[in-house]
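# Notes for the structure review
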Amino acid sequence: MKATKPKVSSPSSQTAKNSRVWLYSMLLTLQYAAQPLISKRCIGREVIVTSSVLACEIAKVIVALVLITAEGGLKRLFKEWTLVGSLTASGLPAAIYALQNSLLQISYKNLDSLTFSILNQTKLFFTALFTYVILRQKQSTQQIGALFLLIMAAVLLSVGEGSSKGSSSGDPDLILFYGIIPVMVASVLSGLASALCQWASQVKKHSSYLMTVEMSIVGSLCLLASTSKSPDGEAIRKHGFFYGWTPLTLIPVISNALGGILVGLVTSYAGGVRKGFVIVSALLVTALLQFIFDGKPPSLYCLVALPLVISSISVYQKYPYRVKKKEA
């Protein structure tokens, strides 16, 4: 069989694509790195968590619809969209992500920024696990080793942060139960939802913008339903939806929404490898921002865990599983 020649892109189109990739990657790196610091400074402790999560989901829908309209795909979306297809592809992941976002909001307030960012990266391990369970996607030997490095880093951070007296709250139990455990549970949920989204994209061929709209709407409905009996729902009915909000509260809400859009764009234009580099870069930028704005150098546990995380993510992205060809 003759090998088919790949289509050669013109230099101008390739340059434009590379420019977009670099732009989206830089923006996502900054968003990942700055989100914990922005949330701590702009969202007061009296702000009701559910209200900020719902506002973020609404912002995602608005941004995604604007982008779909700008690309001229809104009419086609209305023609092809079905309720059953939407619920099948986006319903369960949306509910999972809604719970994950609430847990992350709680964790933001009780962990220092660098520890939060590193622990949040354990979602890669759980993504790999659920991808294998749901899609039967295998891992290479190097990737398995990288995942073990990631677990070691998570354990170091859990022990170090749980016993540290230099954290913002100074209460080890508060740090453990309202900081470390929520972000770790959120990572498990993120891995499950990511695998489900991958299944939906392969079977249903949903675009990233359409998935964003569907998942945000379904997730918002789940959150609204939960407010009937939750403490947050009672607080909203008593004090109002925007209790504790200031104009600054909009900054992390919009930033988080844009981050969700950028994740899809980076993956679409550059694939998972570039996204891995973005994650690693964000960890380094978080450490730098925390030192600049908080005047707090990373703890010894963070310094030991950081190279483990960087190494594990880099190796995982660089050595994917390859199917061995059977020798004749």
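All values reported here derive from a predicted model rather than from experimental measurement.

Right, let's get into the overall build of the chain. When helices and strands are counted, the chain shows twelve helices and zero strands. When the elements of the chain are put in sequence order from the N terminus, they spell out α-α-α-α-α-α-α-α-α-α-α-α. Within the chain, the proportion of its 328 residues that are buried is 45%. Of all intrachain contacts in the chain linking residues separated by at least 6 positions in sequence, the fraction that spans at least 24 positions is 88%. Of the roughly 18,000 Å² that the chain leaves accessible, carbon and sulfur atoms contribute 67%.

Within this structure, the stated rule accounts for two salt bridges. With a shortest N-O distance of 2.5 Å, Asp 294 and Arg 41 are connected by a salt bridge. Taken together, the residues span a long stretch of sequence, with Asp 294 in helix H11 (residues 250-294) and Arg 41 in helix H1 (residues 11-42) at a distance of 253 residues. Residue class for Asp 294 comes out partly exposed when judged on its relative accessible area of 37%. Judged by relative accessible area, Arg 41 falls into the partly exposed class, the value being 45%. A salt bridge links Glu 57 to Lys 60, with the shortest nitrogen-to-oxygen separation between them at 3.8 Å. Of the two residues, Glu 57 and Lys 60 are both situated in helix H2 (residues 49-70); the distance of three residues between them amounts to about one turn of the helix.

What counts and what doesn't
- Residues numbered from 1 in each chain as written.
- Predicted model: local features only at pLDDT ≥ 70, side-chain atom pairs only at ≥ 80, totals over all residues.
- Heavy atoms only, no water.
- Helix = DSSP H or I, 4+ residues; strand = E, 2+ residues; numbered from the N terminus.
- Buried < 20%, exposed > 50% of the residue type's maximum accessible area, 1.4 Å probe, protein only.
- Contact = heavy atoms within 4.5 Å.
- Areas by Shrake-Rupley, 256 points an atom, 1.4 Å probe, with all protein chains shown as cover.
- Salt bridge = Lys/Arg side-chain N within 4 Å of Asp/Glu carboxyl O.

Worth remembering: the numbers are spatial, not functional.
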